[in-house]
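Observations on the model geometry
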Amino acid sequence: MALVFTELTSENLHSVEGILLPYIEREWPRPFIDEFLEWRFLGTNCMETALALDGDRCVAMVNSCKKPHWVAGEKTDIRETDLWLSLPESRPFGSVRVMQMMMKKGQPVCTVTEQDYVRSILERLKWQKLAPARQMLLLLRGRAAIKAIAKKLNKTVVNVPSALAWPLSFKIGGPKSQPAPVSGATVERIETAADIPEILPPASAYSIMPLADRQHFDWYAAAPEAMGEFLWLKFAIDGEPIAITISRIYPEGGCVGGKLLHIQSARTDVSSYAWIIGETSAQISARGADWIDARFSCPIVCDALAKVGYMTGGPDTPFWWSPDESIDLDRAFVSTLYRGEGLEPYPV
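My aim in this report is to walk through the structure given alongside it, one point at a time. Small disclaimer: the values here were computed from a predicted structure and weren't measured.

Here we come to helix α2 (residues 30–42). The end-to-end C-alpha distance of α2, which contains 13 residues, comes to 17 Å, matching closely the 18 Å that a straight helix rising 1.5 Å per residue would cover. Of all the residues in α2, the buried ones are Phe 32, Ile 33, Phe 36, Leu 37, Trp 39, Arg 40 and Phe 41. Those residues of α2 that are buried are in contact with α1 (17–24), β2 (47–54), β3 (57–71), β4 (74–86) and α7 (214–221).

Have a look at this one:
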C-alpha cells in the first residue's frame, strides 16, 4: 500500500501510538495514553504534526510548534521541530518527506539533534548548523549518583524503587548564590497566564530567540499531573519586570529531577543571568530536586550556569533552515521551551 502523507488530527491521533510508545519505552494504561496524546499533540493550536501513514499505521512523523521568536529586533513566527521518528522500513523516503512537509509551511524551521544519522539527513537537505547547545548539570543530592550510574549504563532511573533511593537523599551541593545586579531586585512565582510580562532582549543581543507567552503557560499548566510541576518565575527591579524563567520538577523512579527549560531576560550580561539562574535553581532545589539539567546555546548563559555551579556536558547541534530568512548562525539563542527534550523523561 502506498504511503499517505497527512496532518495529525483527532481522528488519526492514535495512529502514532505504535511508533511513539516504543521510542519512549513506555507501556501506559489506556486512560493515560488518551490523556497524554490529547495534551501533547492537540493541546494547543500552535502545534502541528506531519504523518506518513501505511493504512492506519504511522510509519514516520515529525512534530512541530510554530511560536514567536525575537529575530533581529522584531517578532517573527518560527517553526521548531522535535519527535522526528520513523520506522526502519520508511527510511529515508518517509522520514525525509514528513520533514519536507514542515519545510513547506512558510516559516523558517529550527531543530536540535544529537544523532549522527539525523545530522546527515539535515545536511543533505541544506540545513545550516547553529552554535552548539551545551548540556549542563547541577548536582544537588546523593540520588544524583543513581542518575550518573544509569547514564553510564545507558539506562533510565524510572524503575529505581523509592526504598533504594531514599538513603541517598542527603544534600551534596547546591546552587552558588549570586548577588542581584542592583538593589531593589525581587523574585516571585507567576500564578496565571495573565501575569506573564512581555520581556524582550536587546535587539543586538541575539540573532534569534524564542519568546514565551500565555499560550505556553496554559499548555504546560494543562499537562497530565504525572508530568510534574512547571514553575514560572518573574524577576523585577524596583517593580519593573526584567526576566522570566520556566522550569520543570518531576518524579523519576525514586528520584526527583529538575530542568531549567527557558530564560528570557532584558538584561543579557553574565552577572544578571547568574542571579536569575541562581534564584531559579534555589527554588527548584527547595522543591526536592536531586539534580537540575539545562541546555542552552548562548555562551553567556552557559558562563552564568557555570558560576552557579553547573557542570558542562556534551553538545547538541541545533540546525536552521529558511527559504529566505538570513541570520547570524553564531548568535542564536536555543533553549528547551516547548521542545520535547524538556518533557523527557516521561512518566512510567
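With that settled, consider the nonpolar core. Ranked by internal contacts, the top residues of the largest apolar core, which has 64 residues, are Val 16, Phe 36, Phe 41, Val 98, Trp 127, Tyr 220 and Trp 232. In this structure Trp 232 touches Glu 188, Arg 189, Ile 190, Ile 196, Ala 212, Asp 213, His 216, Phe 217, Tyr 220, Ile 244, Thr 245 and Ile 246, once residues within four positions along its chain are discounted. Core analysis: the second largest hydrophobic core is formed by 33 residues, Met 136, Ile 249, Leu 260 and Ile 284 among them.

This next bit is on the pairing of β2. Taken across its eight residues, β2 has six buried, putting it largely inside the fold. Here strand β1 (residues 4–7) runs beside β2; their pairing, made up of four bridges, is antiparallel. When the sheet's bridge partners are listed, Val 4 is paired in β2 with Leu 53. In the sheet, β2 pairs with β3 via eight bridges, with the strands oriented antiparallel.

Turning next to the pattern of salt bridges. A full pass over the atoms with the stated rule returns 19 salt bridges. Asp 116 is the salt-bridge partner of Arg 119, the closest N and O atoms lying 2.5 Å from each other. On the criterion of helical spacing, the pair formed by Arg 119 and Asp 116 is a turn pair, its members being three residues apart in helix α4 (residues 116–124). On the basis of relative accessibility, which here comes to 59%, the residue Asp 116 falls in the exposed class. The residue Arg 143 makes a salt bridge to Asp 290 at a minimum N-O spacing of 2.9 Å. Placement of the pair is Arg 143 in the loop between β7 (133–139) and α5 (144–152) and Asp 290 in the loop between α8 (270–286) and β13 (291–296), with a sequence separation of 147 residues. In this structure Arg 143 comes out as buried when scored by relative accessible area, which is 12%. Residue classification places Asp 290 among the buried positions, given a relative accessible area of 0%. Where salt bridges share partners, they join Glu 7, Glu 48, Arg 79 and Lys 105 into one cluster.

For the rest of this paragraph, the subject is the side chain of Lys 234. Here Lys 234 lies in strand β10 (residues 229–237). With no salt bridge to any partner, buried Lys 234 finds its closest opposite charge in Glu 188, at an N-O distance of 4.0 Å. Excluding residues that lie within four positions of it along the chain, Lys 234 makes contacts with Thr 186, Val 187, Glu 188, Ile 190, Asp 195, Pro 197, Pro 241, Ala 243 and Ile 244.

Quick look at the pairing of strand β12 (residues 255–265) now. Most of β12 sits out of view: 10 of its 11 residues are buried. Judged from the 10 bridges that link them, strand β11 (residues 240–252) and β12 form a sheet pairing that is antiparallel. The partner of Ile 246 across the bridge, within β12, is His 262. Remark: two residues form the turn of the hairpin made by β11 and β12, two consecutive strands paired antiparallel; Gly 253 in that turn has positive phi of roughly 60°. After leaving β12, the chain enters α8 and then returns to the sheet as β13, a path that is right-handed.

Right, let's talk about the environment of Ala 236 for a bit. Position of Ala 236 relative to the elements: it lies in strand β10. Between the C-alpha atom of Ala 236 and that of Asn 12, which follows or precedes it by 224 residues, the distance is 45 Å. Excluding residues within four positions of it along the chain, Ala 236 makes contact with Gly 184, Ala 185, Thr 186, Pro 241, Ile 242 and Trp 275.

Analysis parameters
- Residues numbered from 1 in each chain as written.
- Predicted model: local features only at pLDDT ≥ 70, side-chain atom pairs only at ≥ 80, totals over all residues.
- Heavy atoms only, no water.
- Helix = DSSP H or I, 4+ residues; strand = E, 2+ residues; numbered from the N terminus.
- Expected span 1.5 Å × (residues − 1).
- Buried < 20%, exposed > 50% of the residue type's maximum accessible area, 1.4 Å probe, protein only.
- Contact = heavy atoms within 4.5 Å.
- Core = buried A, V, L, I, M, F, W, Y, C linked by side-chain atoms within 4.5 Å.
- Pairing = 2+ DSSP bridges.
- Salt bridge = Lys/Arg side-chain N within 4 Å of Asp/Glu carboxyl O.
- Lys, Arg positive; Asp, Glu negative; His and termini not counted.
- Right-handed = clockwise from strand over helix to strand, strands pointing away.

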